[in-house]
Amino acid sequence: MAVLRLKFTKNERDKLAQVLWILNWISVLTGILLFSLGLFLKVEINKRGELMAERDIQYVPNMLIAVGLIACAINFLGGKICYDCVDTNKFLRWKLIMLPYIICTFFFTFCVLVGALMCYSMRGELEESLNLGLTEAIRFYKDTDTPGRCFLKRTVDMLQMEFHCCGNNGYKDWFQIQWISNRYLDMSQKEVVDRLRSNVEGKYLMSGVPFSCCNLNSPRPCIQQHVTNNSAHFNYEHQTEALNLWMRGCREALLEYYTHIMQSIGLTVLLTWLFEVMDACLSVLTGVRYLQTSLENVLRQGDLNSESDGWLLENSFMETARTNLNIIKCLGKGNQIDTANNGDPNINVPSTSKAHYGPDNVPLKEIPEAS
Amino acid sequence: MPFMPVKFNLQKRVKLAQGLWMIYWLSVIVGILLFSLGIFFKIELRKRSEMMDNNESHLVPNLLILVGLLACGVNAFGGKVCHDSLDPIKFAKWKPMLKPFLLLCCGFNALLLLTALLCFLMQFAVYLTLAEGLKNSIKFYKDTDTPGRCFMKRTLDLTQIEFRCCGNNNFRDWFEVQWISNRYLDMSNDLVKDRVLSNVEGKYLMDSVPFSCCNPGSPRPCIQHHLTNNSAHYDYDHRIEELNIWTRGCREALFSYFSSMMTSIGVLIIATIILESVDMAGLKYLTTALETMEDPENPECESDGWLLEKGVKETFGDLLAKLKTLGKTNQVVEGGDAPEAAN
């Protein structure tokens, strides 16, 4: 009693193979999509690599790239199989690979799901990395003469202008570090010397921010120096002034940007996973299984153009489960000494499972021995 | 004597029809490209219209949009004709429309030529509009409380940051206008009063620039104020300092941006003209090859195709004669009227 037995004519077999082929090519396209999403994420992370401390966040785009490439490979192979299925001669080549292929597809769809979930889990690591990276970047803002850090000033300025942010948590971060290099400070002036001496570490600290923190939307020209000193500027109160400088911190701005990208990528990958699952279950399992069984039956009958039956499982669910359990039990028993035949495993033990003689289950006639 | 005759057998006709069909569809794609370039150009002009005093001419983008749509339509029709050309029943439908269609294509090519010419010539108009518009923008930078000019400051700051430029010709344009509003000047302060009184128009002028002129690539923090005063800053010489603020003027920056856009569009239009001419020639060959088949029932027969039925000079002579007769039908023929009047 086969599970879901269907009859297939040659035309229907061909059509089934063609539909599977088309589905596999669409899956190749989704594989390319996954690959390019991974590549895009990698490029975006590397663009701001200077601002991120060393953290293990490269695994997400690398996983996506790998999964995308594997998707292309598996689906390309599947497409080739379906293409060859139409021709029974070529089908014989692939007969043995069909079942491993189905298992691989299952495993692969699981990988896609893992990839999608990883996109959402990256956020914590990213925040930590950005926090450390931005603190370092602000500290080294003034070191435009140190090789390896020449362009950090430019990077930070462009970042603040592009993302409309200032400092790590807020603009007050700039008050705690010296962002003007000593090369441009006139050490002969009394004020400069006083300021340097006023703190333990001998840093030139002031309540000023770089020009890149200036808010474009402000109706008045930007106030960069003496930001917290109300009397230094006419008609100015720093507690209520919200439009003068960018109020948001750059860590928050960058995190929001990357979270947005990763959410979109994660959503796309989840949708791709759903598509792959449907593709795998409906078409690969059922379609390929039907194709496999019907072609096997065709070969058994010997007539290439005839109708044949295709099914999901040869016997009912219960019998197949029982057979598989027995196989597993025998595997387990293979290591134990069998006391029934005096411990000799080579004595012939009658088989407990029924022999299968094709769809009609009629035993073959014995061939008379030539005398 | 036909001009450039070519002999066609069935295979050649089929190949010509197929090749021409593909070229027509390529032309449709080019038409879509022209249409989208027209829209892109229009959007760019709108984005920067505040810099041009809202005075800019939208002639070129509008013409591009029109030309793009026409190209799509004309070439799609041509493609359909080619597709049907090998089936005599379907082709008979299109036969009477072919002569007007080819004349329309000629007119369309002339329109394309005019558009290309405009693309190159209108650049001067853009330059002049930019010069005038930027001068006014800098003048109205401080008027963030005047309705209609609230966002001039923001737009100008954004433009200077995006195009890496400062002022109209260069940064000294900022020295000639008051770019800090009186609302933020402490009029009770003596320094402020002196400065305001120091010039005829009572403007608060100073040798400073807004923050958007600052160059992020400078190794030292940006010097915005007292730019021409070397002693106001440590280790600073304004004559040799190039990295502090952007040295290019915004008029030059914006003009080079628009000019490169218009030049590339003009080159694309010239390529389109060549493509359209190839289309027209192909269609003429195909239609003449199909018309001169001796035995319409037998598709295998040979036929001739040509570009012009008579030579170039003769065709022009005929055209001129036709134009003359068109003009003459409106004139009164003197000889015929006199006897009528006499009667």
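See above for the structure.
Residues numbered from 1 in each chain as written. Chains lettered and ligands numbered in written order. Predicted model: local features only at pLDDT ≥ 70, side-chain atom pairs only at ≥ 80, totals over all residues. Heavy atoms only, no water.

1. Overview of the overall build of chain A
Now for step 1: For chain A, the count of helices and strands is nine helices and two strands.
Now for step 2: What you see in chain A, going N to C, is helices and strands ordered as β-α-α-α-α-α-α-α-α-β-α.
Now for step 3: Within chain A, the fraction of its 371 residues that count as buried is 41%.
Now for step 4: In chain A, the proportion of contacts linking residues at least 24 apart, taken out of those at least 6 apart, comes to 72%.
Now for step 5: Total accessible area on chain A is roughly 21,300 Å²; 61% of this is exposed by carbon and sulfur atoms. (Helix = DSSP H or I, 4+ residues; strand = E, 2+ residues; numbered from the N terminus. Buried < 20%, exposed > 50% of the residue type's maximum accessible area, 1.4 Å probe, protein only. Contact = heavy atoms within 4.5 Å. Areas by Shrake-Rupley, 256 points an atom, 1.4 Å probe, with all protein chains shown as cover.)

2. Examining the side chain of T30(A)
All names here are of chain A.
Now for step 1: Structurally, T30 is set in helix 1 (residues 10–47).
Now for step 2: A polar contact is formed between the side chain of T30 and the backbone oxygen of S27, at a distance of 2.5 Å.
Now for step 3: With sequence-adjacent residues up to four places away left out, T30 is seen in contact with T272, F275 and E276. (Polar contact = N/O pair within 3.5 Å; in protein donor to acceptor, adjacent residues only side chain to side chain.)

3. Observations concerning unusual backbone geometry
Now for step 1: One non-glycine residue with positive phi stands out, namely N235(A), at about 55°.
Now for step 2: Mapped onto the fold, N235(A) is located in the loop between helix 7 (190–197) and helix 8 (250–301).
Now for step 3: Exposure remark for N235(A): the relative accessible area of 56% places this residue in the exposed category.
Now for step 4: Here H226(B), not a glycine, exhibits a phi torsion of approximately 50°, which is positive.

4. Some remarks on the state of the cysteines
All names here are of chain B.
Now for step 1: Following the criterion strictly, the structure yields six disulfides over all chains and no others.
Now for step 2: Between the sulfur of C166 and that of C213 lies a disulfide, 1.9 Å long from S to S. Measuring the twist about the S-S bond at about 80°, one finds the C166-C213 disulfide to be right-handed. You can see C166 sitting in the loop between helix 5 (152–163) and helix 6 (190–197) and its partner C213 sitting in the loop between helix 6 and helix 7 (250–291), a full 47 residues away along the chain.
Now for step 3: With its sulfur 1.8 Å from that of its partner, C214 forms a disulfide with C222. The disulfide joining C214 to C222 has a torsion of about -85° about its S-S bond and is therefore left-handed. Accessibility assignment for this pair places C214 and C222 in one class, buried. (Disulfide = S-S within 2.5 Å.)

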